[in-house]
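Chains, contacts and geometry: an overview
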Amino acid sequence: MDNIPRSILCRVCNTKMKYVCDADYMVGDIVIKTPFFECEDCDIFFRHITESQSKAHFKTVGYVQPEHRPQYFESRKAFFEYLLVLVENNAVNKDSITLTDFGCSYGHMIELAKEKGMHVMGVEQDLSLVKASNKRGLDVYESVSDLPCNTDVFTMIDSLYYVSEPNKLISQVREKMNANGTLIIRMANRNFYSRITNFFKKEKSLTILGDCVISYSIKGIKKLLNGNGFTVVKIVPSNQSHYKKKSLILRLIYLMTFILTYLVAKQIVFSPGVIYVAKRQS
Ligand SMILES: [Zn+2]
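An account of the accompanying structure is given in this report. Since we're looking at a predicted model, the values are computed, not measured. (Residues numbered from 1 in each chain as written. Predicted model: local features only at pLDDT ≥ 70, side-chain atom pairs only at ≥ 80, totals over all residues.)

Time to look at the overall build of the protein. Scanning the protein from terminus to terminus reveals 8 helices and 11 strands. Nonlocal contacts in the protein, meaning residues at least 24 apart in sequence, comprise 67% of its contacts between residues at least 6 apart. (Helix = DSSP H or I, 4+ residues; strand = E, 2+ residues; numbered from the N terminus. Contact = placed C-beta atoms within 7 Å.)

This is the structure we're talking about:
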């Protein structure tokens with residue numbers, strides 16, 4: 001707990017959070033312990049890491065390395081196509097859609113969207129990925145504020161939970177969005193499971209939250225978006241069955257959480273992933 005500020009404020013509501021436990025985090029070739037804090041009011045967990053730790057982490061993960069690009073495309077193509085149907089169904093003007101993908105990684109989804117005739121842009125924090133995408137003819141920028149024009153639909157697919165200042169990001173997104181614009185967020189939904197597993201344990205663990213910086217519940221996302229001029233209009237349980245390489249057991253578990261969610265009429269979303277569709281408030 002050295003070098004950890006005594007007071008950590010919630011990244012959504014700005015009130016003081018409480019320390020929960022440390023959790024493993026890959027930095028280069030080593031695993032370090034990083035502290036997690038919790039805001040019970042927002043139902044979010046926040047991992048305290050420095051910017052250099054975060055940068056070193058992303059250099060080690062598989063999805064930023066150029067040699068992994070073809071296999072990532074293969075494994076996620078069906079999922080991106082499914083998401084693009086959601087984009088089309090929720091855009092106001094379906095005949096002329098400008099789509100921006102935040103955290104676009106290799107640019108696979110905007111590449112597919114471009115083939116469908118959409119106008120596309122991407123935002124990616126990793127400069128080598130930005131350059132590689134630019135070389136392939138894709139308009140990718142390092143930050144939302146660099147975008148040269150407004151967009152109709154923003155997507156954030158497994159990327160928002162890496163952002164340590166979400167209020168700043170969502171307000172920037174709103175500024176770069178046309179009236180009646182749509183924001184589609186795919187997000188892990190594991191807080192519920194971490195609470196259940198910790199309830200039975202003497203020693204708390206948040207390993208289940210993976211490498212996120214902020215782990216949100218549905219309540220936390222709604223609060224974040226409402227506070228920055230968006231309204232969640234649809235919540236879709238995401239069972240990740242579009243991912244090709246999942247084992248049969250994992251697929252069955254996902255299917256069960258999906259069925260369970262609908263059995264309780266979506267009052268509790270059990271699925272380990274959720275897709276939010278939100279509308280920009282005028
Ligand atoms: Zn909070």
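Even without glycine at this site, Ser105 takes up a positive phi of about 50°. Of note, Ser105 is situated in the loop between β4 (98-102) and α3 (108-115). The exposure class of Ser105 is buried, given the 22 C-beta atoms found within 10 Å. (Buried ≥ 20, exposed ≤ 12 C-beta atoms within 10 Å, placed from the backbone.)

Within the largest apolar cluster, 62 residues are counted, with the highest numbers of intra-cluster contacts made by Ile44, Val87, Tyr161, Ile185 and Met187. If sequence neighbours within four positions are ignored, Val87 has contacts with Ile97, Leu99, Val153, Thr155 and Ile184. (Core = buried A, V, L, I, M, F, W, Y, C linked by C-beta atoms within 7 Å.)

Along helix α7 (residues 218-226), the positions that sit buried rather than exposed are Gly220, Ile221, Lys223, Leu224 and Leu225. The inward-facing, buried residues of α7 abut β3 (44-47), α5 (166-175), β8 (177-188), β9 (214-216), β10 (230-237) and β11 (273-280).

Strand pairing in a sheet relies on backbone hydrogen bonds, with the paired strands running either antiparallel or parallel. One open sheet holds the 4 strands; their spatial order is β1-β2-β3-β9, and the pairing between them is antiparallel. Sheet topology places β1 (18-27) and β9 at the edges, where each strand pairs with a single neighbour. Here the average twist between neighbouring strands, direction ignored, is 25°. (Pairing = 2+ DSSP bridges. Axes fitted to C-alpha atoms, helices over the stretch in contact; angles between N-to-C directions.)

Further remarks concern the pairing of β3. Along β3, one buried face is formed by Ile44 and Phe46 and the opposite face, lined by Phe45 and Arg47, is buried too. Alignment of strand β2 (residues 30-39) against β3, held across 4 bridges, turns out to be antiparallel. If you follow Glu38 over to β3, its bridge partner there is Phe45. The hairpin formed by β2 and β3 contains 4 residues between the paired strands, and Asp43 there has a positive phi angle of roughly 55°. Both β3 and β9 contribute to a ladder of 3 bridges, which runs antiparallel.

As a further point, take α5. Burial in α5 covers these residues: Pro166, Leu169, Ile170 and Val173. Each buried residue of α5 lies within a common arc of 95° when the element is viewed along its axis, so the set occupies one face. Residues of α5 that are buried sit in contact with β7 (151-157), β8, β9, α7 and β10. (Arc of directions from axis to C-beta.)

Look at any regular strand and the pattern is simple: side chains alternate between the two faces of the sheet. Counting buried residues in strand β5 (residues 119-123) gives 4 out of 5 residues, a clear majority hidden from the surface. The sheet contact formed by β4 and β5 spans 5 bridges and is parallel. Following the sheet pairing, Thr98 is matched in β5 by His119. In the classification by handedness, the crossover that spans β4, the intervening α3 and the parallel β5 is right-handed. Taken together, the 2 bridges between β5 and strand β6 (residues 140-141) define a ladder with parallel strand orientation. Its bridge partner being in β6, Gly122 is matched across the sheet by Val140. (Right-handed = clockwise from strand over helix to strand, strands pointing away.)

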